[in-house]
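# What the coordinates show
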Amino acid sequence: IARLLGIDCRANVRAWWKKARESGKLAGDAFAPKPIAREGGKGARMAKKQANGGSADPQALEAALLENQLLRAVLDDLKEGSSNLDSISNRKKAELGERLRRDGGPSLREITAFLRISKSSYEYHRARLDAPDALAGARALLRGLFRESGGRYGYRRMNALLRAKGVRISEKVVRRIMRQEGLVVRYEPKRPKWSSYAGENGQAPPNLVARNFRAALPGNLWLTDITQFNLPSFRCYLSPVIDCFDGKVVSWRASERPDAALVNGMLDDAVAALRAGERPVVHSDRGAHYRWPGWIERCEAAGLVRSMSKKGCSPDNAACEGFFGRLKNEFFYHRSWEGVGMPEFVEELGAYIDWYNDSRIKESLGWMSPNAFRRSLGLAA
C-alpha cells in the first residue's frame, strides 16, 4: 500500500491500520495523516492549530482520503490479478475507472492520475468496453479445440488448428486468448531419469547419425531407446522405434521389466512393418539391451545397420529423448495414476501413441500428423 501511494515511510500506514483496527472501522478519520511536530516546522504549526481547535490542511487530508478510497476500490482486482497498478493493462484500468465513476466517486482526472493512465488512453479503452467481443467466436472455438487435444496443445498448434478451420488471427492474439481463458498446458517437473547403461560389453558400432535426425524417406533412419514411468504401485518401461522421416512411432512394446524380451519384441514388430528394399539404420544409446546377442542377430537377419551414441551422451539420441519428453508432458505427468493397473495403463498408453501417429499435428510436417503427411505424399493408404 505504501508503495502504491508513494509514501516513503511505512510507519504512517502502520499507524492508520492500528487505529482502524482499534476503532473497528476502515474509513473516515482512521486514515487521516498525523502531523509530524518539528520545532518551527509545518508539522508543529499543524499540531498547534489542532490543539487550538483548528484542523489540518483540508487539501492534504482530502487527497489522502481520496487515495485510500481509490486504493480500497481496486484492492480486490490487485489481489486477483497483478500485484501493482503498473502491471495492470490499460483496458483493465479503464474498467476499474468506470466502476469507480458509477459508484459516484472521484472525478475522471483524479481517477486517471491514480491509475497512472493518460486521458486519451482511458477514453480509447472506455469506448470499447461496451463493444461486442470481435473474438467471441474464436474464443469458443479455441476452448473446444483445446479440449479435443486433451489440453496438450500450446498456442502455436492451436493457431494452426484455427487456420485449418478458416479462422486467421495472429499467434499473439491466440496466446492472449488462451491466457485469458485459462487454457494452460499442464506441465510438471521432469522425474529423475533412468539409465540402462551397464558398462561396455564388446566393441560398439560407430555413431553413423552424428545428431542429424533427418531422413529423406520412411524406413531410412530409426531411433530407439527405453523410458521409465513411475506409477504408484509399479513401474512401466516403454521401448519404441521412431522413424526420423516424420517422427512416427513405427512399433512399441511396454513391460514391467526392461529385459531382452521387451526390446527384441519391439524390433520384431518394426521389421515386420518394413516395405521391400528398406534397410534402415537403427540408432540407439549404448545400453546393454542393444549389445546382447539376440538384438545383434535380429539386426543382421533383417539387414539393419546398427549405430550407437557416445557413452553417456544423451544429445546423440536427442530426437528420441524429445519424443519421450512430449509423451510424458502430454500424457503422463499431469494425471493421477492412483488405482491404475498395468493393463489399463498400457491400454491408455497405446491410445495416446495412436493419437500421436494419427492426429497430433507437427509444424515440421506442415501442421499435419505423421500418418496424414504420409498419405499426402502417397506413401500410405
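Look up: the structure comes first, before these words.
Summary of the structure given here. Since this is a predicted model, take the numbers as computed values, not measurements.

## A closer look at the side chain of Thr 227
The residue Thr 227 is located in strand E2 (residues 227-230) in this model. Aside from chain neighbours lying at most four places away, what touches Thr 227 is Cys 236, Tyr 237, Leu 238, Phe 324 and Lys 328.

## Some remarks on the packing of aromatic side chains
As enumerated under the stated definition, the model contains 17 aromatic pairs in all. A centroid spacing of 5.7 Å and a plane angle of 35° characterise the contact between Phe 331 and Tyr 352, whose relative ring orientation is tilted. Of the two residues, Phe 331 sits in helix H13 (residues 318-332) while Tyr 352 sits in helix H14 (residues 342-358), which places them 21 residues apart along the sequence. When sorted by exposure, Phe 331 lands in the same class as Tyr 352, which is buried. Between Phe 332 and Trp 337, the ring centres sit 5.8 Å apart and the planes meet at 15°, which makes this aromatic pair stacked.

## Focus on the nonpolar core
If you look at the biggest cluster of nonpolar residues, it comprises 51 residues, and the most contacted ones within it are Met 158, Phe 229 and Phe 345. Of all the secondary-structure elements, those providing two or more residues to this core are helix H8 (136-148), helix H9 (155-164), helix H10 (171-181), strand E1 (221-224), strand E3 (235-243), H13 and H14. If you tally residues by element for this core, the top one is H14, at seven residues. One finds Trp 222, Leu 262, Val 282 and Ala 302 within the second-largest nonpolar core, a separate group that totals 18 residues.

## Describing the pairing of E2
Of the strand pairs in this sheet, E2 and E3 are connected by four bridges, and their pairing is antiparallel. Paired with Gln 228 across the bridge in E3 is Tyr 237. Count of turn residues in the E2/E3 antiparallel hairpin: four residues.

## Examining the pattern of salt bridges
Using the criterion set out here, one finds 13 salt bridges in the structure. In this structure, Glu 181 engages Arg 143 in a salt bridge whose closest nitrogen and oxygen atoms are separated by 3.0 Å. Of this pair, Glu 181 sits in helix H10 while Arg 143 sits in helix H8, and the two are 38 residues apart along the sequence. The exposure class assigned to Glu 181 is partly exposed, which follows from its relative accessible area of 28%.

## Here we look at unusual backbone geometry
For Ala 210, which is not glycine, the phi torsion reads 55° and is therefore positive. Position of Ala 210 relative to the elements: it lies in the loop between H10 and E1. Look at Ala 210 and you get exposed, because its relative accessible area is 58%. Even without being a glycine, Arg 211 presents a positive backbone phi close to 65°.

## Side note on the environment of Ser 307
Mapped onto the secondary structure, Ser 307 falls in strand E6 (residues 305-308). Look at Ser 307 and you get buried, because its relative accessible area is 1%. Residues Ser 307 and Tyr 290, spaced 17 residues apart in sequence, show a C-alpha to C-alpha distance of 9.9 Å. Other than its neighbours up to four places away in sequence, Ser 307 contacts Pro 205, Pro 206, Asn 207, Leu 208, Val 209, Val 281, Val 282, His 283 and Ser 284. At a separation of 3.5 Å, a polar atom in the side chain of Ser 307 contacts the main-chain carbonyl oxygen of Pro 206.

## Regarding the side chain of Thr 224
Position of Thr 224 among the secondary structure elements: in strand E1. Among the polar contacts listed, one links the side chain of Thr 224 to the backbone oxygen of Pro 240, at a separation of 2.8 Å. Excluding residues within four positions of it along the chain, Thr 224 makes contact with Ser 239, Pro 240, Val 241, Met 266, Val 282, His 283, Ser 284, Asp 285, Tyr 290, Trp 295, Asn 317 and Cys 320.

What counts and what doesn't
Residues numbered from 1 in each chain as written. Predicted model: local features only at pLDDT ≥ 70, side-chain atom pairs only at ≥ 80, totals over all residues. Heavy atoms only, no water. Helix = DSSP H or I, 4+ residues; strand = E, 2+ residues; numbered from the N terminus. Contact = heavy atoms within 4.5 Å. Phe/Tyr/Trp six-rings, centres within 6.5 Å; stacked < 30°, edge-to-face > 60°. Buried < 20%, exposed > 50% of the residue type's maximum accessible area, 1.4 Å probe, protein only. Core = buried A, V, L, I, M, F, W, Y, C linked by side-chain atoms within 4.5 Å. Pairing = 2+ DSSP bridges. Salt bridge = Lys/Arg side-chain N within 4 Å of Asp/Glu carboxyl O. Polar contact = N/O pair within 3.5 Å; in protein donor to acceptor, adjacent residues only side chain to side chain.

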